[in-house]
Amino acid sequence: MLESTVKRLETLSKQHSGYITTAELLQGKVTNRQIGAFVQSGRLEKISHGHYWFVDAGCEKPDDYKAIEVCITNPGAIICADSACFYLGLIDVEPECLSVATRRSDRSKMKVNFPICRHYFGDSYFEDNSKKVTTPLGSYRVYDLDRSVCDCIRFKDNIDKDIFNLIIENYRKSGERQMEQMLEYAGKVRMLRRVKRYLE
């Protein structure tokens, strides 16, 4: 590959914060064939359809790169359940499978380089208890602790048993006020009896 093409990629890597889209590469005068060659040589990592990471740009992926990459792939996705508990600091063990919430009507493909467990929610409370996390390399949305623990109970069969038990044990230590918030949310989504069974 021509040295000028390699330098063009290096210039682009300094203009973008680690991640870049196919459209941005093409706009930077890198052709589709060259993109393929850069992926094959290891200079670019394809993270999903139309999205890449600069491998040798001197920037390491952050600890929450999976959350960022999922939400780059599908901006409507929200990190949920056990994965949200990990990113929010309730547990220090990262689940092997990233739990992701999308709307029931969202059928977009989410092919990424790590396993995900996708959960579909209705529109009525999909956005409830979500917040945006902004980082230098991208942003993602995550549900708060009350909803995430409640969702862990809802999706108990899809969560590693040891991780589930750790989530429940740590949440029980969070205090009475936190527990009241959880029970309020559980009542809203008709899970009060199930939640009480695990947390009281």
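Calculation notes
- Residues numbered from 1 in each chain as written.
- Predicted model: local features only at pLDDT ≥ 70, side-chain atom pairs only at ≥ 80, totals over all residues.
- Heavy atoms only, no water.
- Helix = DSSP H or I, 4+ residues; strand = E, 2+ residues; numbered from the N terminus.
- Buried < 20%, exposed > 50% of the residue type's maximum accessible area, 1.4 Å probe, protein only.
- Contact = heavy atoms within 4.5 Å.
- Areas by Shrake-Rupley, 256 points an atom, 1.4 Å probe, with all protein chains shown as cover.
- Phe/Tyr/Trp six-rings, centres within 6.5 Å; stacked < 30°, edge-to-face > 60°.
- Core = buried A, V, L, I, M, F, W, Y, C linked by side-chain atoms within 4.5 Å.
- Expected span 1.5 Å × (residues − 1).
- Arc of directions from axis to C-beta.
- Pairing = 2+ DSSP bridges.
- Axes fitted to C-alpha atoms, helices over the stretch in contact; angles between N-to-C directions.
- Parallel < 35°, antiparallel > 145°, perpendicular 65-115°, else oblique.
- Left-handed = near helix turned anticlockwise from the far one by under 90°.
- Nonpolar A, V, L, I, M, F, W, Y, C, P; charged D, E, K, R; others polar.
- Salt bridge = Lys/Arg side-chain N within 4 Å of Asp/Glu carboxyl O.

Draft legend 1. Expanded view of the overall build of the chain. Tallying secondary structure elements over the chain gives nine helices and eight strands in all. Here the C-alpha coordinates of the chain stretch approximately 65 × 30 × 25 Å along the principal axes. Taken across its 200 residues, the chain has 46% of its residues classed as buried. A sequence separation of at least 24 residues applies to 54% of the contacts in the chain between residues at least 6 apart. Of the accessible surface of the chain, which amounts to about 11100 Å², a share of 47% is contributed by carbon and sulfur atoms.

Draft legend 2. The packing of aromatic side chains, seen in detail. Counted by the stated rule, this structure contains nine aromatic pairs. Residues F126 and Y143 carry aromatic rings whose centres are separated by 6.5 Å and whose planes lie at 85 degrees to one another, so their mutual orientation is edge-to-face. Here F126 is found in the loop between β6 (116-121) and β7 (130-135), whereas its partner Y143 is found in strand β8 (residues 138-143), with 17 residues between them in sequence. This pair shows no difference in class: F126 is buried, exactly as Y143 is.

Draft legend 3. The arrangement of the nonpolar core in detail. C85, V149, C150, I167, Y171, V195 and L199 are the most contacted members of the largest nonpolar core, which has 32 residues in total. Taken together, the elements giving at least two residues each to this core come down to α5 (81-87), α6 (145-154), α7 (161-172), α8 (176-188) and α9 (192-199). Those residues in contact with C150 that sit more than four places away from it in its chain are M182, Y185, A186, V189, M191 and V195. Listed in part, the 19 residues of the second largest apolar core include A67, V70, M110 and Y140.

Draft legend 4. Region of the structure containing helix α1 (residues 3-15). Its 13 residues give α1 an end-to-end C-alpha distance of 19 Å, which sits within 8% of 18 Å, the value for a rise of 1.5 Å per residue. Of the positions making up α1, those classed as buried are T5, V6, L9, L12 and S13. For α1, the buried positions fall inside an angular range of 120 degrees around the axis, keeping them on one side. Turned more than 90 degrees from where α1 packs its buried face, E3, K14 and Q15 sit exposed. Those residues of α1 that are buried lie in contact with β1 (19-21), α2 (22-27), α3 (32-41), β2 (44-48) and β3 (51-54).

Draft legend 5. Representation of the pairing of β8. Here six bridges tie β7 to β8, and the two strands are oriented antiparallel to one another. Within the sheet, the bridge partner assigned to V133 lies in β8 and is Y140. Counting the residues in the hairpin turn of β7 and β8 gives two residues.

Draft legend 6. Just the packing of α6 against α7, in detail. Direction vectors running N to C along α6 and α7 enclose 140 degrees, while the axes themselves pass 11 Å from each other. In terms of their interaxial angle, α6 and α7 are classed as oblique. Here α6 runs over α7; the crossing is left-handed. Contact with α6, carried on its side by L145, D146, V149, C152 and I153, involves F164, I167, I168 and Y171 of α7 and no other residues of that element. Classifying every residue of the contact of α6 with α7 by side-chain character gives eight nonpolar, no polar and one charged.

Draft legend 7. Summary view of the pattern of salt bridges. With the rule as written, the count across this model stands at 11 salt bridges. Salt bridges sharing partners connect three or more residues here, namely R103, D123, E127 and R141.

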